[in-house]
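Coordinate analysis (summary)
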Amino acid sequence: MKFVEDQIHKVKPLFEKGGKLEKFYYLFEAGESFHLVTDKRTDRGAHVRDSVDLKRMMITVVLAMVPCILFGIYNTGLQHYTALLNDGQIEALPGMVDMIVYGAILVVPVILTVYITGGIVEGIFACIRKHEINEGFLVTGILIAMVVPASIPLWQVSLATIFGVFIGKECFGGTGMNILNPALTARAFLFFNFPSQISGDKVWVGFDRGQEVISTATPMGLAAKGDALPEAYSTMNMFLGTIPGSIGETSTLACIIGGIILLIAGVASWRTMLGMLVGGFLFAWLISLGSTNPNDIAALGAVKHLCMGGFAFGLVFMATDPVSSANTDLGKWIYGFGAGAISMLFRIINPAYPEGVMLAILLMNVFAPLIDHYVVKASIKRRLNRAGV
Amino acid sequence: MSDTMKAFKDPFVINNPIAVQVLGICSALAVTTQIKPAFTMAVAVTAVMGLSNLTVSLLRKQIPNKIRIIIELTIISTLVILVDQILKAYAYDISRQLSVFVGLIITNCIVMGRAEAYALHNPPIPALMDGIGNGLGYGVILVIVAFFRELFGVGKLLGKEILTSSPDAWGYKHSGLMVVPTGAFVIISLIVWVHHNYTKKFED
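Presented here is an overview of the structure given in this document. Note that the structure is a prediction, hence the values are computed from the model and not measured.

Let us now look at the overall build of chain B. When you go through chain B residue by residue, the secondary structure sums to 10 helices and 2 strands. Listing each helix as α and each strand as β along chain B from the N terminus yields α-α-α-α-α-α-α-α-β-β-α-α. A buried classification covers 43% of the 204 residues belonging to chain B. A fraction of 74% describes how many contacts in chain B between residues 6 or more apart in sequence connect residues 24 or more apart. Accessible area of chain B: about 10500 Å², with a carbon and sulfur share of 69%.

Written out as structure tokens, the structure reads:
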């Protein structure tokens, strides 16, 4: 540790004002505060402050996502070997360790790719805009990795990351200024750019021995076509997450654990979460009342719909993004309810998109400022009335 | 700088119809999937704008103020029909690709806007230059957008294959986003961003 500290102090003058590498000061600053506790002190009077800052908030979200990441790695392996088993290539499922190893081989490169490409974009903008590298990307990065299928080509991941960070965030002025959720922007980019691969109806579960791609229909894809769901896609399995899908979103249970961590830490808003849950449940239930065909996607019922696809993940991690969601209390209810209701409408009524959570949340992101505007206006009006002016 | 040169250069760089005035976006989304039709469209719009500005400017003292819009429209639609007929006669394939959008030049806000804002109050030569400048300013953006959309959307430039999409899972794939109008929106907004940073012209 002493060695690291000495080295950092040794190169510090190079980056400070007048140094040779002054341009890259903020890159150095990021490295310094990553390795050492900051030695900066406020130069005016003392302020009593809470120790929760942006850094801690972001790390909490990453921690809350750990169950999803771990389960995603395991599930990637599980889906791969299940597909091989169904194909008759292996006799029996291997042990858990094998699955985790296989999953890690596919998932870790995706996560690394996202962080490296995103980090480069962030670094460039930090140098141009002369601000510190922001911790927000820690969350965006892992979110992008969690909402793509495990065997996505890495160049597509990095392209999507660049698009998400650059167009979704930096164009609007960086962290805290974005209108849309950058991770969902990246996902939407993939969705529209490579529609044959990533539209939510099928995912690759890996490669067989001849390096041929095997893909499996997701429950969502089957249901959208009106096929009956097989035994393996029971509600319980969907809740636990042992179904094919994107890396981190299959397990509703892992998302709930993450959600509880976020709620206890006070990072995410319970109003948004509950609003979205109510909206999704209500609409899935209402639509199911009108369906007659038992295999129809509408007839699956509200509980299945909440466990299926990316609804739980979107609800816990995407919709609650404090920047792009509504900020007033009532606004959060409306925003959440809208996101839940619209995702069910997209999913069930619109046959073109098997999954609608992403588009629904993006749509509500766009409406969030409008919702806030009217909530604030209504509040002002109410108070004026009360005051009798 | 003389008035004429200013009338020509201003819309081309500083007051670009697409990047600054945000006019003519509809056709910029519709005809920019390939370079060839985009280029043809640019030439057609430039011709219509130059001539309509010239004609309106020549008639500016005769046009009664109350019915000026209808007269401007008559002039513009005459020119558009001329252009449409010429395209049909000499470049039938491209004319078919452009389909209704040649006819829709009539409704292109830039043509009408320049006739109203500039040609009605200025002598013929600067008006002609203003029309051509605006047309070229519009056309340049159209061709830039079409360049990116054709290159990344179908991997071609002017119909020649440059990038090959491969069917295997890890290979290069053409971008579906560039084929749909959304792609043009993204490219145009990036151009606007760069342009505003370059000219330092920001709206409050």
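Anyway, onward from the coordinates.
This part takes up the pattern of salt bridges. Throughout the structure, instances matching the rule amount to 6 salt bridges over all chains. Of the charged contacts in the structure, one is a salt bridge between Arg129(A) and Glu170(A), with a shortest N-O distance of 3.1 Å. Here the residue Arg129(A) occupies a position in helix H4 (residues 96-129), and Glu170(A) occupies one in the loop between helix H6 (154-166) and helix H7 (182-193), the gap between them amounting to 41 residues. On the basis of relative accessible area, Arg129(A) is assigned to the partly exposed category, the value being 33%. With a relative accessible area of 1%, Glu170(A) lands in the buried category. Lys88(B) is the salt-bridge partner of Asp84(B), the closest N and O atoms lying 3.6 Å from each other. A residue pair is termed a helical-turn pair when its members lie 3 or 4 positions apart in one helix, as Asp84(B) and Lys88(B) do in helix H4 (residues 68-90) at 4 residues. For Asp84(B), a relative accessible area of 16% puts it in the buried group. Relative accessible area serves as the criterion here: at 41%, Lys88(B) is assigned to the partly exposed category.

Residue and element names in this part refer to chain A. If you trace the backbone, aspartate 372 turns up in helix H15 (residues 357-387). There is no salt bridge for the buried aspartate 372, and the closest opposite charge comes from lysine 332, which lies 8.2 Å off by N-O distance. Polar side-chain contacts of aspartate 372 include one of 2.8 Å to the side chain of threonine 328. Look past the residues within four positions of aspartate 372 in its chain and what remains in contact with it is Ala326, Asn327, Thr328 and Gly331.

Once that is clear, we can look at the state of the cysteines. Residues and elements named next belong to chain A. Across all of its chains, the model carries 0 disulfides over all chains by this definition. No disulfide involves cysteine 255; its nearest neighbouring cysteine sulfur is the one of cysteine 68, lying 3.9 Å away. By relative accessible area, cysteine 255 is classed as buried at 1%.

Residue and element names in this part refer to chain B. With their axes 8 Å apart at the nearest point, helix H3 (residues 35-58) and helix H8 (residues 124-153) run at an angle of 165 degrees to one another. Considering their axes alone, H3 and H8 lie roughly antiparallel with respect to each other. Handedness of the H3/H8 crossing: right-handed. Of the residues in the contact of H3 with H8, the class split is 19 nonpolar, 8 polar and 2 charged.

Evaluated as defined, the whole model comprises 13 aromatic pairs over all chains. Ring geometry for Tyr115(A) and Phe137(A): centres 5.9 Å apart, planes at 80 degrees, overall edge-to-face. Here the residue Tyr115(A) occupies a position in helix H4, and Phe137(A) occupies one in helix H5 (residues 136-146), the gap between them amounting to 22 residues. For the pair Phe166(A) and Trp193(B), a centre-to-centre distance of 5.6 Å together with 65 degrees between the ring planes defines the contact as edge-to-face. With Phe166(A) in helix H6 and Trp193(B) in helix H10 (residues 181-199), this pair bridges two chains.

Cut-offs used in this document
- Residues numbered from 1 in each chain as written.
- Chains lettered and ligands numbered in written order.
- Predicted model: local features only at pLDDT ≥ 70, side-chain atom pairs only at ≥ 80, totals over all residues.
- Heavy atoms only, no water.
- Helix = DSSP H or I, 4+ residues; strand = E, 2+ residues; numbered from the N terminus.
- Buried < 20%, exposed > 50% of the residue type's maximum accessible area, 1.4 Å probe, protein only.
- Contact = heavy atoms within 4.5 Å.
- Areas by Shrake-Rupley, 256 points an atom, 1.4 Å probe, with all protein chains shown as cover.
- Salt bridge = Lys/Arg side-chain N within 4 Å of Asp/Glu carboxyl O.
- Lys, Arg positive; Asp, Glu negative; His and termini not counted.
- Polar contact = N/O pair within 3.5 Å; in protein donor to acceptor, adjacent residues only side chain to side chain.
- Disulfide = S-S within 2.5 Å.
- Axes fitted to C-alpha atoms, helices over the stretch in contact; angles between N-to-C directions.
- Parallel < 35°, antiparallel > 145°, perpendicular 65-115°, else oblique.
- Left-handed = near helix turned anticlockwise from the far one by under 90°.
- Nonpolar A, V, L, I, M, F, W, Y, C, P; charged D, E, K, R; others polar.
- Phe/Tyr/Trp six-rings, centres within 6.5 Å; stacked < 30°, edge-to-face > 60°.

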